[in-house]
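# Architecture and fold: a report
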Amino acid sequence: MARNRGRHAAQRAATTAAGHRRRSGLRSSRYRRGLGGTAIAAVVMAALTASQAPGVELGGDHGKGRSDAASDPAPGDDSYETELPPLESPRPPGTSEPGGTGDKSGIPASVLAAYKKAAESLASRTPGCGLRWELLAGIGKVESGHARGGAVDKDGTTLRPILGPVLNGQGFASIKDTDGGKWDGDTSYDRAVGPLQFIPGTWNRWGADGNGDGRKDPDNIHDAALAAGDYLCAGGRDLSSDADLDRAILSYNNSSDYLRTVLAWYEFYRKGTHSVPDRELSVLPTTPGVGEPGGSDKRAPERGGKSPGKGGNGHDKPHKPSKPSKPSKPSRPGNPGGGPGGGGNPGGPDKPGPSPEPTKPHAIERVGAGKFTAMAGEKFVARPAVKAETSKGKGVKGVKVRFEIRGDTEARFEGGVRTVDVTTGADGVATAPTLDAGGKAGSFTVRATAPGKDLGTVDFAASVTAPQADKLTRTSDAVLEAAENTKFAQAVEVKATRKGKAVANTPLTATLDDTDKGPYFKDAKGNPVRSLAGLETDSRGIVKLPDLFADDQPGTYTLTLKADGGATLEVTLTIKG
């Protein structure tokens, strides 16, 4: 299970007798023959059922008046599945007697679909991991009997909570509450939750949305299966490798017995399996606490509420756990440990070690500014950028990010394209290519996404403003003068440019310095005016002012022209007496 479980209370008697798994598959028959002696089998099963691995507790009313709850037993301290698969190879559906191998190889339809969907998702997101759905099935079988034989609703959420023992240090690890009772109903200590038994604190880090409903729910088989796959693939593991496969399973539960049991079911399912109706398995697991028929279908405890019963374990009388002892050694050499790097669980049963550091991308986040502006005809100086991060904020290299221009605009990336893919670098950052603003003023959006991944979207607001001249010049160098009460022989004509290029359609104003005398323009009625607004350059960046007239006041005067953006030009006008 993707959590820090307590270790076994007794070493398994068959640790040395069972032998090691081979690459061609676990020798199930040999392993079972190693348990054939009555005395050995009794010791082995006693050790298994004394394990401190938090198991599954069935919700329900515990025999309080429900006829279908009569067979609900109180789970033991370790109630993960200890049943081994049959020795025979699985038979196709319909070829075995009820209770035979064919039933054992059946997996509830909803649960099987969740395992396969999660493996397919991981194959595209982390192709180097090589996760097979049969491994998820093996873990799901051991952790909860496939969600109690497929006791899930149409969305894949368990009909009743599947809870492990209270992790209060009494025979198990001591883990103080991390979720405020949201998932496990216990506000004092944590309990493993759901069909794949996640500790709430671990779920907070590794939780996933496997069914696309916008929630990350450890009680949902789709969410839990995807999160378990991510957890097993952590640290760049290659599960086609024996060593990495062992490390992955041991990171879920650092117990050699657990490792062998999961591997046995993994190899069994790889030989063949089939779908069976949800909650209608002919043979349900019989290990204490895992998947027994009966019990209430109510969803309890209430999220965020108090833990049920004294001690938070749902029983009137708390179960007294066996005394913990030193855990057994892993079955393969090299001591593969609880983390991706091996080395075992450093914390022990009372001080759980850390979960593996997440390595998968969890989200894309904006880097730098979220708004950009450029003038028409120019390039944007700044560029949109995002960072692909793990759930702990660490950058992830090699994530493809797609930048897309959205909206009615002439803006384009380099090469004249509206969409471009960029791969994140070592720091997890992907930066879009330079944007050409185009010649059209207006606003648009640049959207960043990670194709094929549910990492969210990041939008950048971009705007293109009308071009602004940085220089105004006369188109002629002729002297502008006129005699008293006559018209100037030449009209004033100027050109607006920016960085040497003509600026079309830019507004200008023209103002004479003396508003009471000197040169003047005429309005529609022939009256003198000495200030003009609403002037605009043409497609060549040129504007020609109306005719100027001289009054009877000789002298030198100044006409000032200003363009949007601040470009200014002063023109000298002379009235001769």
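Residues numbered from 1 in each chain as written. Predicted model: local features only at pLDDT ≥ 70, side-chain atom pairs only at ≥ 80, totals over all residues. Heavy atoms only, no water.

## Some details on the sheet that holds strand 13 (residues 442-449)
What the five strands build is an open sheet, ordered 6-14-13-8-10; its pairing is mixed. Looking along the sheet, the strands with just one partner apiece sit at the ends: strand 6 (371-375) and strand 10 (419-423). Neighbour-to-neighbour, the strand axes of this sheet turn through a mean angle of 20°, independent of strand direction. (Pairing = 2+ DSSP bridges. Helix = DSSP H or I, 4+ residues; strand = E, 2+ residues; numbered from the N terminus. Axes fitted to C-alpha atoms, helices over the stretch in contact; angles between N-to-C directions.)

## Digging into the state of the cysteines
In this structure the tally under the stated criterion is one disulfide. Between the sulfur atoms of Cys-129 and its disulfide mate Cys-233 the distance is 2.0 Å. Across the disulfide from Cys-129 to Cys-233, rotation about the S-S bond amounts to roughly -80°, and the bridge is consequently left-handed. In this pair, Cys-129 sits in the loop between helix 4 (109-125) and helix 5 (133-150) while Cys-233 sits in the loop between helix 7 (221-232) and helix 8 (242-252), placing the two residues 104 residues apart along the sequence. Cys-233 shares its class with Cys-129; the two are buried. (Disulfide = S-S within 2.5 Å. Buried < 20%, exposed > 50% of the residue type's maximum accessible area, 1.4 Å probe, protein only.)

## A word on the pattern of salt bridges
Scanning the entire structure with this criterion turns up 17 salt bridges. A salt bridge links Arg-132 to Glu-134; its shortest N-O distance comes to 3.2 Å. Where salt bridges share partners, they join Arg-125, Asp-230 and Lys-360 into one cluster. (Salt bridge = Lys/Arg side-chain N within 4 Å of Asp/Glu carboxyl O.)

## Describing the packing of aromatic side chains
Under the defined criterion, the tally for this structure stands at 10 aromatic pairs. The interplanar angle of 55° and the centroid separation of 5.8 Å between the aromatic rings of Phe-268 and Tyr-269 together place this pair among those described as tilted. Seen in terms of ring centroids, Phe-380 and Phe-444 are 6.0 Å apart; in terms of plane orientation they differ by 90°. Their pairing is edge-to-face. Taken together, the residues Phe-380 in the loop between strand 6 and strand 7 (385-389) and Phe-444 in strand 13 connect sequence positions 64 residues apart. Here the guanidinium or amino end of Arg-366 rests over the ring plane of Phe-460, the centre of that ring lying 5.3 Å away. (Phe/Tyr/Trp six-rings, centres within 6.5 Å; stacked < 30°, edge-to-face > 60°. Lys NZ or Arg CZ within 6 Å of the ring centre and 35° of its normal.)

## A closer look at the packing of helix 5 against helix 9 (residues 256-270)
At a minimum axis separation of 8 Å, helix 5 and helix 9 run at an interaxial angle of 120°. With respect to their mutual orientation, helix 5 and helix 9 come out oblique. The chirality of how helix 5 crosses helix 9 is right-handed. Note on element contacts: helix 9 touches helix 5 through Tyr-258, Thr-261, Val-262, Trp-265, Tyr-266, Tyr-269 and Arg-270, opposite Glu-134, Leu-135, Ala-137, Gly-138, Ile-139, Lys-141, Val-142, Glu-143 and His-146. (Parallel < 35°, antiparallel > 145°, perpendicular 65-115°, else oblique. Left-handed = near helix turned anticlockwise from the far one by under 90°. Contact = heavy atoms within 4.5 Å.)

## Quick notes on the environment of Thr-497
Looking at where Thr-497 falls in the secondary structure, it is placed in strand 17 (residues 493-498). Overall, Thr-497 belongs to the buried group, its relative accessible area being 11%. Once the C-alpha coordinates of Thr-497 and Thr-473 are considered, the two residues, 24 residues apart in sequence, prove to be 8.4 Å apart.

## Focus on the pairing of strand 13
Within a regular strand, side chains alternate between the sheet's two faces. Pairing analysis gives five bridges linking strand 8 (residues 400-406) to strand 13, with the strands arranged antiparallel. Looking at the pairing, Glu-404 lines up with Arg-447 of strand 13. Alignment of strand 13 against strand 14 (residues 458-465), held across seven bridges, turns out to be antiparallel. Among the inter-strand pairings, Arg-447 is bridged to a residue of strand 14, identified as Asp-459.

## Remarks on the pairing of strand 19 (residues 507-512)
Side chains of strand 19 alternate between two faces, with Leu-508, Ala-510 and Leu-512 buried and Pro-507, Thr-509 and Thr-511 left unburied. Where strand 19 and strand 24 (residues 555-563) come together, five bridges link them in antiparallel fashion. Its bridge partner being in strand 24, Leu-508 is matched across the sheet by Ala-563.

## Quick notes on the packing of helix 8 against helix 9
Geometrically, a packed helix pair is captured by the angle between its two axes and the distance between the axes. At a closest axis distance of 9 Å, the pairing of helix 8 and helix 9 adopts a crossing angle of 120°. When the axis of helix 8 is compared with that of helix 9, the two are oblique. Crossing geometry of helix 8 relative to helix 9 is assigned as right-handed. Taken together, the residues of helix 9 that come into contact with helix 8 (itself represented by Leu-245, Asp-246, Ile-249, Leu-250 and Tyr-252) are Ser-256, Tyr-258, Leu-259, Val-262, Leu-263 and Tyr-266.

## As for the environment of Trp-183
Tracing the backbone shows Trp-183 in the loop between strand 3 (162-163) and helix 6 (200-206). Residue classification places Trp-183 among the buried positions, given a relative accessible area of 5%. The sequence separation of Trp-183 and Val-193 amounts to 10 residues, and the corresponding C-alpha distance is 6.9 Å.

## As for the sheet that holds strand 19
Reading across from one edge, 16-25-24-19-22 is the order of the five strands in this open sheet, with mixed pairing throughout. The outermost strands of the open sheet, each flanked by one partner alone, are strand 16 (481-483) and strand 22 (531-536). In this sheet, neighbouring strand axes are inclined to one another by 20° on average, regardless of whether the strands run parallel or antiparallel. Relative to strand 25 (residues 568-576), strand 16 is paired through three bridges, and the arrangement is parallel. Directly across from Glu-481, in strand 25, lies its bridge partner Thr-574.

## Topic: unusual backbone geometry
The phi torsion of most residues other than glycine is negative, and most of the peptide bonds are trans. Even without a glycine there, the phi angle at Arg-148 is positive, about 55°. Tracing the backbone shows Arg-148 in helix 5. In the Ramachandran plot, Gln-197 falls in the positive-phi region, its phi being about 55° despite a non-glycine side chain. Summarising the element assignment, Gln-197 is placed in the loop between strand 3 and helix 6. With a relative accessible area of 0%, Gln-197 lands in the buried category.

## Considering helix 8
Helix 8 sits mainly inside the fold: nine of its 11 residues count as buried. When we look at burial in helix 8, the residues that qualify are Asp-242, Asp-244, Leu-245, Asp-246, Ala-248, Ile-249, Leu-250, Ser-251 and Tyr-252. The inward-facing, buried residues of helix 8 abut helix 5, helix 7 and helix 9.

## With respect to the confidence of the model for the protein chain
On average, the protein chain scores 75 in pLDDT, and the residues at 70 or more come to 69%. The low-confidence segment residues 88-102, where pLDDT is below 50, has 22 contacts with residues more than four positions distant or belonging to other chains. (pLDDT = per-residue confidence, 0-100.)

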